[in-house]
Structure formats: C-alpha cells, structure tokens
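What follows is the residue order along each chain.
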Amino acid sequence: AESISTNAAASIQHLTYNNPENKHLVREAGAIEVLISVLEERGASNKLLEHAAGALRNSSYGCNENKLSIKKYEGISALLKVIADSNFSRSNDAK
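Parameters at a glance
- Along each chain, residues carry numbers from 1 onward, in the same order as the chain's sequence is written.
- The predicted nature of this model means local features are confined to residues of pLDDT at least 70 and side-chain atom pairs, given and counted, to a pLDDT of 80 or more, with totals for whole chains, interfaces and linings taken over all residues.
- To obtain the side-chain values, all non-hydrogen atoms of the structure were included, while hydrogens and water were left out.
- Only runs of H or I of at least four residues qualify as helices and only runs of E of at least two qualify as strands under DSSP, and these elements are numbered from the N terminus.
- Burial classification: accessible surface area is computed with a 1.4 Å probe over protein chains only, and a residue below 20% of its type maximum counts as buried, one above 50% as exposed, and the rest as partly exposed.
- When checking whether two residues touch, look at their non-hydrogen atoms; a contact exists if any pair is within 4.5 Å.
- All accessibility values rest on the Shrake-Rupley procedure with a 1.4 Å probe; residue burial counts only the protein chains present in the view.
- To obtain an axis, a line is fitted to C-alpha atoms, over the contacting stretch when the element is a helix, and the angle between two such axes runs from 0 to 180 degrees between their N-to-C directions.
- Angles below 35 degrees are treated as roughly parallel, those above 145 as roughly antiparallel, those between 65 and 115 as roughly perpendicular, and all remaining angles as oblique.
- Should the near helix be turned counterclockwise from the far one by less than a right angle, the crossing is left-handed, whereas a clockwise turn marks it as right-handed.
- Classes in brief: Ala, Val, Leu, Ile, Met, Phe, Trp, Tyr, Cys and Pro nonpolar; Asp, Glu, Lys and Arg charged; the others, Gly included, polar.

Helix and strand counts for the chain come out as 7 helices and 0 strands. For the chain, the α and β elements follow one another from N to C terminus as α-α-α-α-α-α-α. Put simply, the chain has 95 residues, and 35% of those count as buried. A fraction of 70% describes how many contacts in the chain between residues 6 or more apart in sequence connect residues 24 or more apart. Accessible surface, the chain: about 5900 Å² in total, of which carbon and sulfur atoms supply 56%.

In structure tokens form, the structure reads like this:
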C-alpha cells in the first residue's frame with residue numbers, strides 16, 4: 001500500500017508542475033488535506049514524505065487558493081515536523 005501512496009503523491013507532484021488547472025483540481029478533490037495527513041504519519045517512508053512535500057510545493061506555487069488550503073489544514077506545521085525529524089534529515093544528508 002505504501003508504494004501505491006508513493007506513486008500517487010509522485011503523480012500529483014508531476015501533474016501540478018506548471019499546471020494551474022490541475023492545481024485547482026487537486027484542491028477540489030481534497031488531495032491537499034490528504035497530502036498533509038501523509039506528512040503527519042510517523043511511519044511514512046522518506047520517499048513518500050518527499051513526494052508529498054513536493055506535491056504540496058507544486059500545488060501551492062502560484063496558486064493562492066492552495067496556499068490558503070495548506071494553511072487551513074496546518075500544512076506548515078506538518079512540513080516543519082518532517083524537517084525536524086532526525087531520521088528524515090539524516091537519510092537525506094547521506095545522498
């Protein structure tokens with residue numbers, strides 16, 4: 001199931017890159033709230049966290065509605081927790 005979630009987050013990340021229509025569709029489908037919940041899941045793999053964060057970044061770039069949605073669902077707090085997680089930080093430093 002984790003690989004399905006990772007692929008889904010990666011797909012959202014790809015589909016929202018420079019695509020304003022897809023950014024709006026992602027928000028309307030409720031994906032922003034789901035992506036934030038992935039960041040809050042302590043058992044998520046680093047790859048899943050990376051794609052979820054990337055999908056949020058792409059979804060919010062140039063789209064104020066999505067930025068407000070990320071704020072509404074406490075996405076900044078979730079992202080900060082991921083950054084502070086020593087396992088995530090250490091594994092990315094090794095790359």
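Generally, phi is negative for residues other than glycine and the peptide bonds are trans, each holding for most cases. In this model, Asn18 sits at a positive phi of 55°, which is unusual for a non-glycine residue. We classify Asn18 as exposed; its relative accessible area is 56%. Phi is positive for Glu74, close to 60°, though the residue is something other than glycine. Relative to the elements of secondary structure, Glu74 occurs in the loop between α5 (64-72) and α6 (75-84). Since its relative accessible area comes to 53%, Glu74 is described here as exposed.

Take the environment of Ala31 next. Residue position: Ala31 is located in helix α3 (residues 31-40). For Ala31, a relative accessible area of 15% gives the class buried. On a C-alpha basis, the gap between Ala31 and Ala9 in space is 9.3 Å, while along the polypeptide they are 22 residues apart. With residues near it in sequence (within four places) discarded, Ala31 still touches Ile12 and Val26.

To continue, consider the packing of helix α1 (residues 2-15) against helix α4 (residues 46-60). Packing of α1 against α4 brings their axes to within 8 Å, and their N-to-C directions diverge by 25°. One way to sum up the angle between α1 and α4 is to call them roughly parallel. Every pair of crossing elements has a handedness; the one defined by α1 and α4 is left-handed. Contact with α1, carried on its side by Glu2, Ser5, Thr6, Ala9, Ala10, Ile12 and Gln13, involves Lys47, Leu48, Glu50, His51, Ala52, Gly54, Ala55, Arg57, Asn58 and Ser59 of α4 and no other residues of that element. Considered class by class, the residues forming the contact of α1 with α4 number 6 nonpolar, 7 polar and 4 charged.

Checked against the element boundaries, Thr6 lands in helix α1. Judged by relative accessible area, Thr6 falls into the buried class, the value being 11%. Once residues lying within four places of it in the same chain are set aside, the contact partners of Thr6 are Ser45, Lys47, Leu48 and His51.

Read these as layout, nothing more, since geometry by itself doesn't imply function.
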